[in-house]
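Coordinate inspection notes
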Amino acid sequence: MPGSGKATARILLMQPFFITGPTASGKSAIALALAERVGGEIVNADAFQLYRGLDLLTAKPPLADRSRMPHHLYDVLSPEESCDAQRYREMALPVLEDIAARGHVPIVVGGSGLYIKALSHGLAPLPRGDEALRTRLNALSLEEMLTQLLALDPQAAENVPLANPRYVQRALEICLLTGHPQSALRQTFSQTEPRGCGVVLHWDREALYTRIDQRVHDMLDAGLLAEVQAFAEKRPVGAEVLQFEKAIGLREMRAHLAGEMTLPDAVSAMQQASRRYAKRQITWFKREHWLQTICLDSQHGAEWAASHLIDLFPCLQRPSPPTPSPSI
């Protein structure tokens, strides 16, 4: 059929392109450079950047960058709201469809592995969060939640980051609400083909840790302490801990502002927590074989990476305009 090749290229362009990887690996800058080259729009897949507030702490793209190309799903939740992979998927799918309908490339960027998986492979039907149950679980330590989770679902060690309290709590919540192991309910991940394609950004471990450490200093220079102080002043004393307040660095900076920790100690603790989080992210994305690994170093910036991605993925290359028919 005439023109079917162009139609196929257009369909490929409409599929989401995922840019994933550990914290501080340069995802946002590369996504922006790529969006400017291919006519893309950026969709956030970072669990904490969904929330309004703490822009520095959560490493949101600066407003100047967000004004250069459309950015979606940033600042869409209030700090009082909770979110999980199912809710994120429900928010993101209409955004992806709208971008595609306008002929643009949806570029999903973030390091929240379960949120990425929710878009790429879909989710088994899972119960929504139960506020009463979450209140009870919030009162438990990580060790107490782990004991319950592994008793109900011994296979959880294979699909839940056990060092991450947020994921452990959600997994335990699913078990308690459904009466079934959450690992069994999530088996659809391995039974479906991914929607779209994408990459995992990889850095040498020491180079990545250096970037993480420097970014904490950059946040401080940009006004991190004032941002955390302003956020703390809006929260009533003794208020229930919010999901948003589990963002890395908030506890450490609050401790410093309260006089419980020196600034160097708070900085060191935030850097260490960020490095541990990066390690968990690396472990998660190693299992995502549908994503292609892209190795980066300090010699190659965002513009180089964007060009490299366009060369590697035909779906990112805009179809050539049709050649006009010769006049007769």
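To keep things clear, this report deals only with the structure shown in the data block.

So, how was this worked out
Residues numbered from 1 in each chain as written. Predicted model: local features only at pLDDT ≥ 70, side-chain atom pairs only at ≥ 80, totals over all residues. Heavy atoms only, no water. Helix = DSSP H or I, 4+ residues; strand = E, 2+ residues; numbered from the N terminus. Contact = heavy atoms within 4.5 Å. Areas by Shrake-Rupley, 256 points an atom, 1.4 Å probe, with all protein chains shown as cover. Buried < 20%, exposed > 50% of the residue type's maximum accessible area, 1.4 Å probe, protein only. Phe/Tyr/Trp six-rings, centres within 6.5 Å; stacked < 30°, edge-to-face > 60°. Lys NZ or Arg CZ within 6 Å of the ring centre and 35° of its normal. Axes fitted to C-alpha atoms, helices over the stretch in contact; angles between N-to-C directions. Parallel < 35°, antiparallel > 145°, perpendicular 65-115°, else oblique. Left-handed = near helix turned anticlockwise from the far one by under 90°. Pairing = 2+ DSSP bridges.

1. As for the overall build of the protein chain
Secondary structure assignment for the protein chain yields 14 helices and six strands. Contacts in the protein chain between residues at least 24 apart in sequence constitute 77% of all its contacts with a sequence separation of at least 6. If you sum the accessible surface of the protein chain, you get close to 16,100 Å²; carbon and sulfur atoms cover 55% of it.

2. Concerning helix 5 (residues 113–120)
Among the eight residues that make up helix 5, eight are buried, leaving the element largely enclosed by the rest of the structure. Residues Gly113, Leu114, Tyr115, Ile116, Lys117, Ala118, Leu119 and Ser120 constitute the buried set of helix 5. Immediately beyond the C-terminal end of helix 5, within one or two residues, lies glycine 122, with a positive phi of roughly 80°.

3. Things to note about the packing of aromatic side chains
For the coordinates displayed, the defined rule picks out six aromatic pairs. Both rings, one in phenylalanine 18 and one in tryptophan 290, keep their centres 5.4 Å apart while their planes meet at 90°; by these two values the pair is edge-to-face. Of this pair, phenylalanine 18 sits in strand 1 (residues 17–20) while tryptophan 290 sits in the loop between helix 13 (263–286) and strand 6 (292–295), and the two are 272 residues apart along the sequence. Comparing phenylalanine 18 with tryptophan 290 shows no difference in burial state: the two are buried. Pairwise contacts between aromatic rings join Tyr51, Phe231 and Phe244 into one cluster. Over the face of the ring belonging to tyrosine 167 we find arginine 166, whose NZ or CZ atom lies 5.1 Å from the ring centre.

4. Some thoughts on the packing of helix 4 (residues 85–101) against helix 5
Between helix 4 and helix 5, whose axes approach to 9 Å, the crossing angle comes to 50°. Put simply, helix 4 runs oblique to helix 5. The handedness of the crossing between helix 4 and helix 5 comes out as right-handed. Touching Ala85, Tyr88, Arg89, Ala92, Leu93 and Leu96 of helix 4 are Leu114, Tyr115, Ala118 and Leu119, all from helix 5.

5. Quick look at the sheet that holds strand 3 (residues 71–72)
Spatially, the six strands line up as an open sheet ordered 3-2-4-1-5-6, and their pairing is parallel. Only two strands of the sheet have a single neighbouring strand rather than two, namely strand 3 and strand 6. Relative to strand 3, strand 2 (residues 40–44) runs parallel, the two sharing two bridges. Note that in strand 3 the partner of isoleucine 42 across the bridge is histidine 71. Strands in contact with helix 14 (residues 302–312) are strand 1, strand 5 (197–202) and strand 6; relative to strand 6, the strand with the most contacts, it is inclined by about 145°.

6. Some details on the environment of alanine 100
With respect to the helices and strands, alanine 100 occurs in helix 4. On the basis of relative accessibility, which here comes to 16%, the residue alanine 100 falls in the buried class. Along the backbone, alanine 100 and glycine 40 are 60 residues apart, and their C-alpha atoms lie at a distance of 9.5 Å.

7. Comments concerning the pairing of strand 2
Counting buried residues in strand 2 gives five out of five residues, a clear majority hidden from the surface. Both faces of strand 2 are covered, namely the face carrying Gly40, Ile42 and Asn44 and the face carrying Glu41 and Val43. Pairing analysis gives five bridges linking strand 2 to strand 4 (residues 105–109), with the strands arranged parallel. Looking at the pairing, glycine 40 lines up with valine 105 of strand 4.

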